[in-house]
Amino acid sequence: MKKLFLPLLAGCLWAAAAAAQPVIEKQGSKRDSFTFVQIADPQLGFCEKGQDWQCTVDNLKATVARINALKPAFVIVTGDLIHNWKNAAQAAAYREQIGRIDASIPVFHLPGNHDMPNYAAAAVAKYRAAFGYDRFAFAYNGSAFIGLNSNPMVCDSETARADARAQLEWLEQQLKRFRRCNHIFVFSHHPLAMSPDSRVTHKSSYDEPFRSEYTALMKRYGVRAVFAGHTHIAGLTEVEGLPMLIAGASSYPLYGAATGINVVEVSPADFRSEFQVDDPDGADIRLR
């Protein structure tokens, strides 16, 4: 089992929690290309009424097998790890399956709205206690990867608004730190804005003023793209010229959409993102 679940006290400070993120020990130079994988919404436990949620476990097991065969540099899971944050069986099943990813492949996690519903204090504390961090920042082969906890930006409470402001300041610190990288990529569970083909009807993107403030900051520092999930539908849109790539779910096929993983190839000059679907008869979706 990789060091994914760290025994930190609940409610730890974000500064301390960020230091607990996985560490990539080996990497190449700014001239080397590489591949990473984004998993969106494994959401173990999600099923229609009367169904057995074992299908979501089986889907994650298949996803892990694909990742191990692909051997990417690292994996980023953009939230909704399980369906019910209180369900110990779902959490245990997630830990078991994600722990089967080869130990040489670091796995970074971000929380989704099902992991921190309504940004409730108990859910936030439980997630941080399990993972030790709820945002991350690292560099690999000359490119920067910054993960945000988007839940404060979509929840209307005093705590959420204060944390969204604090995270905006943290984001600027990271953008300054990585400003000379080949590329800067940002990751989030919720998209900044919805793609035109989305059929999601519930609250799904950043509230104002955070959408504008976060977008303006990312544009100022030349962020190449923002990767998200949440909608269960793969799609591409732009927010004031900033590419917004939304990966479909790796688990439950809502709205008839395809499930799969987002495979991203990064070179010193550019990147290519493709949502590779699980259905052997389906067509992969070029996100960029």
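Before reading further, recall that the structure is shown in the block above.
Keep in mind that this is a model prediction, so the values were computed, not measured.

J.: Can you help me understand the pairing of strand E7 (residues 225-228) in this one?
T.: The side chains of a regular strand alternate between both faces of the sheet. Here E7 shows no split at all, with Ala-225 and Phe-227 on one side and Val-226 and Ala-228 on the other all buried. As defined by bridge partners, strand E6 (residues 183-187) adjoins E7 across three bridges and the pair is classed as parallel. For Phe-187, the partnering residue across the bridge sits in E7 and is Phe-227. In the sheet, E7 pairs with strand E9 (residues 242-246) via three bridges, with the strands oriented parallel. Residue pairing for E9: Phe-227 is matched across the bridge by Leu-245.

J.: Which parts of the structure should I look at to understand the sheet that holds strand E2 (residues 75-78)?
T.: The strands making up a sheet are joined through hydrogen bonds of the backbone, oriented either antiparallel or parallel. What the six strands build is an open sheet, ordered E3-E2-E1-E10-E11-E12; its pairing is mixed. Two strands close off the open sheet at either side, each with one partner strand: strand E3 (107-110) and strand E12 (285-286). As judged from the four bridges shared by E2 and E3, these two strands associate in the parallel manner. Counted as the bridge partner of Val-77 is His-109 from E3.

J.: I would appreciate a short explanation of the sheet that holds strand E4 (residues 136-140) in the present structure.
T.: Ordered in space as E4-E5-E6-E7-E9-E8, the six strands form an open sheet in which the pairing is mixed. In this open sheet, the two strands that pair with only one neighbour each are E4 and strand E8 (235-239). Going across the sheet, the axis of each strand differs from the next one's by a mean of 20°, ignoring polarity. Helix H5 (residues 158-177) contacts E4, strand E5 (143-147) and E6 of the sheet and is inclined by roughly 170° relative to E5. Sheet contacts for helix H6 (residues 210-220): E6, E7, E8 and E9; angle to E9, the most-contacted strand, approximately 115°.

J.: Explanation requested: unusual backbone geometry in the structure shown.
T.: Across the chain, the bulk of peptide bonds are trans and the bulk of non-glycine residues have phi less than zero. Cis geometry marks the peptide bond from Glu-208 to Pro-209; its omega dihedral reads 10°. One can find Pro-209 in the loop between E6 and H6. Phi is positive for Asp-41, close to 55°, though the residue is something other than glycine. Its location among the elements puts Asp-41 in the loop between strand E1 (34-39) and helix H2 (54-70). Residues other than glycine seldom take positive phi values, yet Lys-71 does so here, at roughly 55°. For Lys-71, the position within the fold is in the loop between H2 and E2.

Cut-offs applied
Residues numbered from 1 in each chain as written. Predicted model: local features only at pLDDT ≥ 70, side-chain atom pairs only at ≥ 80, totals over all residues. Heavy atoms only, no water. Buried < 20%, exposed > 50% of the residue type's maximum accessible area, 1.4 Å probe, protein only. Helix = DSSP H or I, 4+ residues; strand = E, 2+ residues; numbered from the N terminus. Pairing = 2+ DSSP bridges. Axes fitted to C-alpha atoms, helices over the stretch in contact; angles between N-to-C directions. Contact = heavy atoms within 4.5 Å.

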